[in-house]
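Chain residues, written in single-letter form:
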Amino acid sequence: MGKAKSLKDKLYGAAVLKMSFRLRGDETSPAFRYVYPGVLRDLELDDEKVEQYIEENRENVEKAARGSTPEQGPR
């Protein structure tokens, strides 16, 4: 079994997923509405925490969502 993800890792992943849809204007698409709630459920997160993470880390989240992986800080 793999290493358990930290809360920060979970938030980062969910935020990048959400931002990738947001940057394409696809947050209302059936794909997003199907995938994103499942990710929140599987990672035991809620959307408010993901939005807060996006606000606090917008530059890195947008870079990752665009396909440029930013340097990760200490965990």
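Relevant structure appears above.
Since the structure is predicted, the reported quantities are computational estimates derived from the model, not experimental observations. (Residues numbered from 1 in each chain as written. Predicted model: local features only at pLDDT ≥ 70, side-chain atom pairs only at ≥ 80, totals over all residues. Heavy atoms only, no water.)

Draft legend 1. Seen up close, unusual backbone geometry. Although it is not a glycine, Glu44 sits at a positive phi angle of roughly 55 degrees. Within the secondary structure layout, Glu44 lies in the loop between helix H2 (30-43) and helix H3 (47-56). Using a relative accessible area of 70% as the deciding quantity, one classes Glu44 as exposed. (Helix = DSSP H or I, 4+ residues; strand = E, 2+ residues; numbered from the N terminus. Buried < 20%, exposed > 50% of the residue type's maximum accessible area, 1.4 Å probe, protein only.)

Draft legend 2. Seen up close, the nonpolar core. By size, the foremost hydrophobic cluster in this structure holds 18 residues, and its most contacted members are Ala15, Val16, Leu45, Val50, Tyr53, Ile54 and Val61. When residues no more than four places from it in sequence are discounted, the contact partners of Val16 are Val61, Ala64 and Ala65. (Core = buried A, V, L, I, M, F, W, Y, C linked by side-chain atoms within 4.5 Å. Contact = heavy atoms within 4.5 Å.)

Draft legend 3. The packing of aromatic side chains, seen in detail. Enumeration according to the criterion identifies two aromatic pairs in this entry. Measuring from ring centre to ring centre gives 4.9 Å for Phe32 and Tyr36, while their planes differ by 15 degrees; the resulting arrangement is stacked. Here Tyr36 and Phe32 lie together in helix H2, a separation of four residues that amounts to about one turn. Judged by its relative accessible area of 7%, Phe32 is buried. Assessed through its relative accessible area of 5%, Tyr36 is described here as buried. Taken together, the ring pairs connect Phe21, Phe32 and Tyr36 into an aromatic cluster. Seen from the ring of Phe21, Arg24 lies directly overhead, with NZ or CZ sitting 4.8 Å from the centre. (Phe/Tyr/Trp six-rings, centres within 6.5 Å; stacked < 30°, edge-to-face > 60°. Lys NZ or Arg CZ within 6 Å of the ring centre and 35° of its normal.)

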